[in-house]
Amino acid sequence: MAEKEIIGSYRELPLGSWMDIQSICKDESLEDLDRQVKIISILTGLTENQVLNLPIPKYKEYVIASRFLERESPDNHTRCAKSYRIGGYKCIPLSDYRKLSVAQYVDFQTFSKMGEDYFVQMLSCFLVPEGMTYNKGYDIVELQEAMREDLSVADALTLSAFFFKRCVLSIKDTLTFLHRVVRELPKEKRAEVEEKLKMLENRLLTNGDGLRM
């Protein structure tokens, strides 16, 4: 059997492989050795049987190389790129929330509430092929599958941090505007509206549905 290179960083690790590893780590039915074998299988492209038949020194080498997964965030943080090659698409990340369509916002809210298993779908709300509009002129499911294969974990987490930061800034701008509007209300209505606005602010900026991931 030819020697296999092992993925040794978040920059090399495809998003789909990382999500598979996350599922393995959460599976409480697995013994530690079984979990380790499954993870090395993903990182090397070997079958689980091939991993089990490795010489012990090579197996230990792979275990050591896989320890980058113990870090919660990618090494070498980078800025969000202007475009990403994903499958046959050149995708442009949404940088201006004023251009966010209602469909994108609704889908983003839906996927963000559904948990990390829908991380790819959530990201696909903000990565649109060049020259196209959201979910029009391309197969979004095909793009999501390509994201699993071609988008690295490092890039995916950089993008998600970028999107959430822009989202929070947009929410803050909107809340600032609303506070100004409330100050113009008659005094007898102001207290009630201010209380509701405060509740909305706490929900959106502390534990809002769209920000839990």
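What you see is a predicted model; the values in this text were computed from it and never measured.

Basis of the calculations
Counting restarts for each chain: residues are numbered from 1 in the order of the written sequence. With pLDDT at 70 or above as the cut-off, local features in this predicted model cover only qualifying residues; side-chain atom pairs require 80 or more to be listed or tallied, and sums for whole chains, interfaces and linings still use all residues. Heavy atoms from the whole structure form the basis of all side-chain values; hydrogens and water molecules are not counted. Elements are defined by DSSP. Helices are runs of H or I of four residues or more, strands are runs of E of two residues or more, and each kind is numbered from the N terminus. Throughout this description, buried means an accessible area under 20% of the type-specific maximum (1.4 Å probe, protein chains only), exposed means over 50%, and partly exposed covers the range between. Note on contacts: a residue pair is in contact if any heavy atoms of the two residues lie within 4.5 Å. What sets the accessible areas is the Shrake-Rupley method with a 1.4 Å probe; for residues, cover comes only from the shown protein chains. Axis geometry follows a simple rule: fit a line to the C-alpha atoms, using only the stretch in contact for helices, then measure angles between N-to-C directions, giving values from 0 to 180 degrees. Our angle categories are set so that under 35 degrees counts as roughly parallel, over 145 as roughly antiparallel, 65 to 115 as roughly perpendicular, and the remainder as oblique. Under the convention adopted here, Pro, Cys and the residues Ala, Val, Leu, Ile, Met, Phe, Trp and Tyr are nonpolar, Asp, Glu, Lys and Arg are charged, and Gly plus all remaining residues are polar. Here the rule is simple: two strands pair whenever DSSP picks up at least two bridges between them. The criterion is simple. A nonpolar core is a set of buried Ala, Val, Leu, Ile, Met, Phe, Trp, Tyr and Cys residues joined through side-chain atoms within 4.5 Å.

A. Inspection of the overall build of the protein chain at higher detail. Counting secondary structure elements, the protein chain contains nine helices and three strands. Each helix and strand of the protein chain, placed in order from N terminus to C terminus, yields the pattern α-α-α-α-β-β-α-α-β-α-α-α. Looking at the protein chain as a whole, 38% of its 213 residues are labelled buried. Intrachain contacts of the protein chain at a sequence separation of at least 6 include 67% that bridge at least 24 residues. For the protein chain, the exposed surface amounts to about 13300 Å²; the carbon and sulfur share of it is 50%.

B. Broad picture of the packing of helix α1 (residues 15–26) against helix α2 (residues 32–44). Running from N to C, α1 and α2 point in directions that differ by 175 degrees, and their axes come no closer than 10 Å. Between α1 and α2, the interaxial angle falls into the category roughly antiparallel. Along the contact surface, α1 presents S17, D20, I21, I24 and C25, while α2 presents R35, K38, I39, I42 and L43. Its residues assigned to classes, the contact of α1 with α2 comprises six nonpolar, one polar and three charged.

C. A look at the pairing of strand β2 (residues 89–93). Along β2, the buried face is formed by Y89, C91 and P93; none of K90 and I92, which line the opposite face, is buried. The sheet contact formed by strand β1 (residues 84–86) and β2 spans three bridges and is antiparallel. Across the sheet, residue I86 finds its bridge partner in β2, namely Y89. Hairpin connection of β1 to β2: two residues between the antiparallel strands, including G87 at a positive phi of 60 degrees. Of the strand pairs in this sheet, β2 and strand β3 (residues 127–129) are connected by three bridges, and their pairing is antiparallel. Of the residues in β3, the one forming a bridge with C91 is P129.

D. Structural context of unusual backbone geometry. Of note in the backbone geometry, N135 takes a positive phi value of approximately 60 degrees without being a glycine. One can find N135 in the loop between β3 and α7 (140–150).

E. View of the nonpolar core. Ranked by size, the top nonpolar core spans 51 residues in total, and within it L13, L15, I86, L123 and L151 carry the most contacts. In terms of residue count, the dominant contributor to this core is helix α8 (residues 153–183) (seven residues). What L123 contacts, discounting residues up to four positions off in sequence, is L15, M147, L151, A156, L159, S160 and F163.

F. Focus on the sheet that holds β2. One open sheet accounts for three strands, arranged β1-β2-β3; its pairing is antiparallel. Of all the strands in the sheet, just β1 and β3 have a single pairing partner and so form its edges. If you compare each strand with its neighbour and ignore which way they point, the axes differ by 45 degrees on average. Running at roughly 105 degrees to β1, α7 makes contact with β1, β2 and β3 of the sheet.

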